[in-house]
Amino acid sequence: MAWTNHEDVEAIEKIIARTSVKVVMDNGILQVTISSPDGIVTRIQYNGIDNLLKFEGENVHGGYWDLVWSKTGSTGTKGTSDVFKGTSFKVVVENEDQVEVSFTRTWDLSLEGSIVPLNLDKRFIMLRNSSGFYSYAIFEHLEEWPPFNLPQVRIVFKLRKDKFHYMAVADNRQRFMPLPDDRLPDRGQPLATPEAVLLVDPVEPEFRGEVDDKYQYSSENKDLKVHGWISMNPPVGFWQITPSSEFRSGGPVKQNLTSHVGPFCLAMFLSAHYAGEDLVLKLNPEEPWKKVFGPVFLYLNSVSSEDNVFSLWEDAKNQMQMEIQNWPYSFPASEDFPKSDQRGKVCGRLKVQDRYVSYEPIPANGAYVGLAPPGDVGSWQRECKGYQFWTRADEDGNFTIDNIRTGGYNIYAWVPGFIGDYKYDDAVNITEGCSINVGDLIYEPPRDGPTLWEIGAPDRSAAEFYIPDPDPKYINKLYVNHPDRYRQYGLWERYADLYPDGDLVFTVGVSDYRNDWFFAQVNRKKGDGTYQGTTWQIKFTLKDVDHNGTYKLRLALATAHLAELQVRVNDARADPPMFTTGQIGHDNTIARHGIHGLYRLYNIDVAGAELVEGENIIFLTQAISTDPLQGIMCDYIRLECPASSST
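Residues numbered from 1 in each chain as written. Predicted model: local features only at pLDDT ≥ 70, side-chain atom pairs only at ≥ 80, totals over all residues. Heavy atoms only, no water.

Among the 5 residues of strand S27 (residues 368-372), 5 are classified as buried, and the element is accordingly described as predominantly covered. Across the two faces of S27 the burial is the same, with Tyr 368, Gly 370 and Ala 372 and Val 369 and Leu 371 all buried. Relative to strand S28 (residues 389-392), S27 is paired through 4 bridges, and the arrangement is antiparallel. By the bridge assignment for S28, Tyr 368 is matched with Arg 392. Sheet topology places S27 next to strand S30 (residues 407-414); 5 bridges connect them, and they run antiparallel. When the bridges of S30 are listed, Gly 370 appears paired with Tyr 412. (Buried < 20%, exposed > 50% of the residue type's maximum accessible area, 1.4 Å probe, protein only. Helix = DSSP H or I, 4+ residues; strand = E, 2+ residues; numbered from the N terminus. Pairing = 2+ DSSP bridges.)

Written as structure tokens, this is what we have:
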């Protein structure tokens, strides 16, 4: 079989070779070896490097798909890890332009309890003249099979530590990285979580005194399009490109891992990070399910001179844009991956009607607008079984969402600058080739009366609040003088340093939330090593009070972890409190150096009889205090007058 190759590469006779134990895909630019029928990538040859991957015989390194599953009824995000291996192999496509190979594992009742009840089909694709290869997988669960939980699905590539030392996740998030050896007990000191290690005796002295933690390099789905590693000698880049987030769980601002010390390069499809059990996929009895994860592109590039090595990142970004433009791909052979003409389109315009902002509806400038499986208002951020399709509205509120898979959806949205979630009342049915214009949509955010005062900005993040400098003993140099300063380790411990004798007090009209509102309400460590909850105060003055009216406290949280937020007004000891959330959240955002997790909005009635002319105090108590990583992050707080009030 002849194949026309890149003009700088000699013609080759075969694009695929196979034996009883391995499959080799070779297009003259790179050569990829995959174990058969396992479907583990054991070798990538490129630009004179015999193998970019770490691979040690029976030890699973290299490149592999894996998942975590648990039996139905299980709680939490843990389970059995399965680097699932195929039991059969076949060539799906082999011609002058491409090869596609499949590694499958099928399930039947004789396997119940031993492996996850799924039919699994791993695919790898190599194209002519392409400096890389693609991978995707098809997961299928039949109706008659037992249900189960699925917390995680991903692809992992472990590269050679002697080659790949420089990691890039974004334009302003890239650096030389420590070695995996530096995390071992004789060189690193474990910190509060297993992922965080203080480097005390690293191989390279430049890293001494830094903290390494993979969660410091997490990204939101909307930004997680390309990341990877660079080798300096020879100058080679290894990049994971995800051109679409349609198959990821949790929507556009769900955070996922990227690359980290190993060197590891990940493609995360399903995870509970920054969300907890709410984002564990749980199949119900007699529930059929099928989903295609990917394809993603593993891209390799090189330059002739080490002087230009950092241009590999720019080239990877350009390649990422090309992959996005080519989405949905035309070449995957599976009928479960619909092509462009088998998909549909939705457009419209979103406006916001808040009568205390404008008498007329205003454009939802920058709104996040998406289609996700049918559910309640805001359910998209916990959705993980189906597909989601998101975009940003322009300054006039116009939005267009292309390449939507067929099926039934709801239209969801949220608008930076306004609290709450929007859901279009009518279901949307996408058919092949359809183009649906839903016209003007009006979002009416929660509002009873005019604003008395507000703290923060309603953007589902705590980034606008005060984020302290880290303890000098626990620095990641990348995030010194960086916009993402919240990614430093141990910031929760700084609260007690800044408030040693009492908790935070915020005075409306005097305090500035950018300097005076700590970004996370966490527990205080006591001298005996135990922890106590914290009570923050919001002080405000009212000249007049409508004692017969009902005021409304809007309390939007950016995240919560094993917390209970209690609200009291003018009586710090009131029992029971005026309002409590009860225990909420398994986001673990504080421990994982995030600035938001799952969004929660509470609308709390405050009787006018509880308020007084003069100074009033709202007490916010985080009441559960068993460890330092519990707490909440506020997004935005607002107190509204009664609608009929002249106050």
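Text resumes after the structure shown.
A word on the sheet that holds strand S16 (residues 211-212). The 3 strands are arranged S14-S15-S16 in an open sheet whose pairing can be described as antiparallel. Two strands in the sheet have a free side with no partner beyond their single neighbour: strand S14 (188-190) and S16. Bridge analysis of strand S15 (residues 197-199) against S16 gives 2 bridges, and the strand direction is antiparallel. Bridging across to S16, Leu 198 finds its partner in Val 211.

Here we take up the UniProt feature "domain: Rhamnogalacturonan lyase" (unreviewed entry) in the chain. Mapped onto this numbering, the UniProt entry gives "domain: Rhamnogalacturonan lyase" (unreviewed entry) at residues 365-437 and 451-639. Segment residues 365-437 splits into 0% helix and 44% strand. End C-alpha atoms: 19 Å apart. Counting secondary structure, residues 451-639 comes out at 5% helix and 39% strand; the distance between its end C-alpha atoms is 6 Å. (UniProt positions renumbered as here; feature names shortened; annotations may be inferred.)

So, on to the nonpolar core. In summary, soluble globular proteins display a tendency toward joint burial of nonpolar side chains. Ile 44, Phe 139, Leu 150, Phe 157, Phe 238 and Leu 350 are the most contacted members of the largest nonpolar core, which has 111 residues in total. The element best represented in this core is strand S24 (residues 289-302), accounting for 8 residues. Those residues in contact with Ile 44 that lie beyond four places of it in its chain are Leu 30, Gln 31, Val 32, Ile 49, Asp 50, Asn 51, Leu 52, Leu 53, Phe 133, Phe 157, Phe 238 and Leu 300. If you look at the next biggest cluster of nonpolar residues, it comprises 54 residues, including Phe 518, Leu 555, Leu 629 and Cys 634. (Core = buried A, V, L, I, M, F, W, Y, C linked by side-chain atoms within 4.5 Å. Contact = heavy atoms within 4.5 Å.)

Using the criterion set out here, one finds 38 salt bridges in the structure. Among the salt bridges present, the one from Lys 222 reaches Glu 220, with a minimum N-O distance of 3.1 Å. Of the residues examined, Glu 220 reaches a relative accessible area of 17% and is grouped as buried. Residues Arg 514 and Asp 512 are paired through a salt bridge, measuring 2.9 Å at the closest nitrogen-oxygen approach. Counted as one network, the salt bridges with shared partners bring together Asp 448, Lys 552, Arg 554, Asp 605, Arg 638 and Glu 640. (Salt bridge = Lys/Arg side-chain N within 4 Å of Asp/Glu carboxyl O.)

One can find Arg 487 in the loop between strand S34 (451-456) and helix H2 (494-498). A distance of 3.2 Å separates the side chain of Arg 487 from the backbone oxygen of Ser 218, its partner in a polar contact. If we ignore the near neighbours within four places in the chain, the residues touching Arg 487 are Arg 173, Tyr 215, Gln 216, Ser 218, Tyr 479 and His 593. (Polar contact = N/O pair within 3.5 Å; in protein donor to acceptor, adjacent residues only side chain to side chain.)

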